[in-house]
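# Secondary and tertiary structure notes
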Amino acid sequence: MSKLFGYILSPIFYILFGLSLCVFHPIQWLCYKLFGYKAHKVSVDILNFFLTYCQLFLFNSISFQNEYDLPTDRPIIFAANHQSMYDIPSLIWFLRRYSAKFISKIELTKGIPSISINLRLGGGANINRKDNKQAISEIIKLGRRMKEHNWSTVIFPEGTRAKDGKLKTFQFGGIATLLKVVPNALIVPVAIENSWKIVRFGMFPLATGNALKWTVLKPIEPGVKPANEITLEIENEIRKVLDQPMAQPATL
C-alpha cells in the first residue's frame, strides 16, 4: 500500500521539494549579498522548514525530541546516524539555534539549486574524499570557525548512508580532528529513525506512511576520553534507540 500511494504522491512531493529549492536559491543569494551571513542563515532555516515538512505530503510524520538544555555559548558536535538525504533538512531546521554546519562532498557545491549555494556560503566544510590532506585541512578550518563563532557541526561517523537502516561501524577520524581544534566542544548523539524507509523502493516511488523521528540523546563531555572511545559510546547509544546489537571495541 505504501508503494501504491507512493506512485500517486511522489510527483507532488518532488514538485514541492524542487520548487522550494528553486525559490530559495535567489533568496539566499540576495540575503547574503545585501544583509550578510545572519540573513542568509535565516533564509536557509526557512528553506529547510519547508523541505522538512514536504514529508507530510507523503503522509510521513515528523517528530523531533530533545529533553536536554543544550548550550548556545559553546560549540557542539552533533553525531548522528545517516539513513537518507532527507536526514539533513530536518537536522538543519531542528538544530537551527545551534548554527549547525555540515561536512559535505565538494561535488555538491555546484549544480544543485539552494543546496550548492548554501554549501559555498554557509560556513561548513566541503571536502574532496580523494584528497585526504584537503579534507583534513577543511575540517580543521571548520573547527576554527566553530571555536570563533560558537557554531556547531553535524557529523555522520558512518561515513555513508545506511540504506537498510542497519548501523555501520562508526569511524572516529572526523570527531578526533574536530576535538583537536575545539577540545571544549560538547558531543551530542542524535538518533535518526525510519528515514531510510522513504527511499526503500528507490527514488521513485517514495514510500509513504513512515514515522520519521530525530531524537537528541544524552550529551557527552569529551574530558580525557580518547576519540575512539567517545565514538563507540555514541554508536552504542544510538544502537540502543534503534534496538540494534551493541558494537564492541576494536581489538588489536
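Residues numbered from 1 in each chain as written. Predicted model: local features only at pLDDT ≥ 70, side-chain atom pairs only at ≥ 80, totals over all residues. Heavy atoms only, no water.

## Considerations on the sheet that holds strand β2 (residues 76-80)
An order of β1-β7-β6-β2-β5-β3-β4 is seen for the seven strands of this open sheet, with the pairing classed as mixed. Each end of this open sheet is capped by a strand with a single partner; those strands are β1 (61-65) and β4 (125-127). Strand-to-strand twist in this sheet, taken as the mean axis angle between neighbours without regard to direction, amounts to 20 degrees. Looking at chain direction, strand β6 (residues 186-193) and strand β7 (residues 211-216) are connected through four bridges and run antiparallel. By the bridge assignment, A191 is partnered in β7 with T215. (Pairing = 2+ DSSP bridges. Helix = DSSP H or I, 4+ residues; strand = E, 2+ residues; numbered from the N terminus. Axes fitted to C-alpha atoms, helices over the stretch in contact; angles between N-to-C directions.)

## Examining the packing of helix α5 (residues 132-149) against helix α6 (residues 173-181)
The geometry of α5 relative to α6 is characterised by a closest axis approach of 8 Å and an angle of 45 degrees between their N-to-C directions. The angle between the axes of α5 and α6 places the two elements in the oblique class. Between α5 and α6 lies a crossing whose hand is right-handed. Along the contact surface, α5 presents I136, I139, I140, G143, R144, M146 and K147, while α6 presents T177, L178 and V181. Partitioned by chemical class, the residues of the contact of α5 with α6 number six nonpolar, two polar and two charged. (Parallel < 35°, antiparallel > 145°, perpendicular 65-115°, else oblique. Left-handed = near helix turned anticlockwise from the far one by under 90°. Contact = heavy atoms within 4.5 Å. Nonpolar A, V, L, I, M, F, W, Y, C, P; charged D, E, K, R; others polar.)

## Brief notes about the pairing of β2
Most of β2 is tucked away, with five of its five residues classed as buried. Residue alternation in β2 divides its side chains into two sets, I76, F78 and A80 and I77 and A79, and both sets are buried. Bridge analysis of β2 against β6 gives five bridges, and the strand direction is parallel. When the sheet's bridge partners are listed, I76 is paired in β6 with L186. Relative to strand β5 (residues 152-155), β2 runs parallel, the two being bridged by three bridges. (Buried < 20%, exposed > 50% of the residue type's maximum accessible area, 1.4 Å probe, protein only.)

## Side note on the nonpolar core
By size, the foremost hydrophobic cluster in this structure holds 35 residues, and its most contacted members are L70, F78, L91 and V154. Where this core is concerned, the elements lending two or more residues are α1 (2-35), α2 (37-53), β2, α3 (87-94), β3 (100-105), β6 and β7. For this core, the element with the most residues is α1, which contributes five residues. With 26 residues, the next largest nonpolar core counts I127, L178, I187 and A191 among its residues. (Core = buried A, V, L, I, M, F, W, Y, C linked by side-chain atoms within 4.5 Å.)

## Focus on a positive patch on the surface
Together, K105, R129, R161, K163 and K168 make up a positively charged patch on the protein surface. With respect to the secondary-structure elements, R129 resides in the loop between β4 and α5. (Patch = residues over 30% accessible without salt bridge, like charges linked within 9 Å, V, L, I, M, F, W, Y side chains within 5 Å. Areas by Shrake-Rupley, 256 points an atom, 1.4 Å probe, with all protein chains shown as cover. Salt bridge = Lys/Arg side-chain N within 4 Å of Asp/Glu carboxyl O. Lys, Arg positive; Asp, Glu negative; His and termini not counted. Charge placed at Lys NZ, Arg CZ, Asp CG, Glu CD.)

## Considering the side chain of N81
Checked against the element boundaries, N81 lands in the loop between β2 and α3. Using a relative accessible area of 0% as the deciding quantity, one classes N81 as buried. Engagement of the side chain of N81 in a polar contact is seen with the backbone nitrogen of I192, the distance being 2.7 Å. (Polar contact = N/O pair within 3.5 Å; in protein donor to acceptor, adjacent residues only side chain to side chain.)

## Details of the environment of P89
Considering the arrangement of structural elements, one finds P89 in helix α3. Classification of P89 as buried rests on a relative accessible area of 7%. Through-space distance from the C-alpha of P89 to that of F49 is 7.4 Å; in sequence the pair is 40 residues apart. With near-sequence residues (within four places) excluded, P89 lies in contact with N48, L51 and T52.

## A short note on the pairing of β7
Examined bridge by bridge, β1 and β7 share five bridges and lie parallel to one another. Of the residues in β7, the one forming a bridge with I62 is L212.

## Some details on a nonpolar patch on the surface
On the surface, M1, L4, F5, Y7, I8, F59, M203 and F204 cluster together into a nonpolar patch covering about 920 Å² of accessible area. Tracing the backbone through its elements, the reader meets M1 in the segment before α1.

## Considering the environment of N81
Taking the C-alpha atoms as reference, N81 lies 13 Å from E233; in sequence the two are 152 residues apart. Beyond its immediate stretch of four places on either side in the chain, N81 contacts D87, F156, E158, L167, F170, V190, A191, I192, I238 and L242.

## So, the packing of aromatic side chains
Using the criterion set out here, one finds 14 aromatic pairs in the structure. Geometrically, the ring pair formed by F94 and W214 is tilted, given 6.1 Å between the ring centres and 50 degrees between the ring planes. Linking F94 in helix α3 with W214 in strand β7, this pair joins segments that are 120 residues apart in sequence. As far as burial versus exposure is concerned, F94 and W214 are alike and both buried. Among the aromatic residues, those joined into a cluster by ring pairs are F24, F49, F50, Y53 and W93. Looking at K3, its charged tip hangs above the ring of F201, at a distance of 5.2 Å from the centre. In this structure, K101 packs its charged tip against the face of W151, placed 4.5 Å from the ring centre. (Phe/Tyr/Trp six-rings, centres within 6.5 Å; stacked < 30°, edge-to-face > 60°. Lys NZ or Arg CZ within 6 Å of the ring centre and 35° of its normal.)

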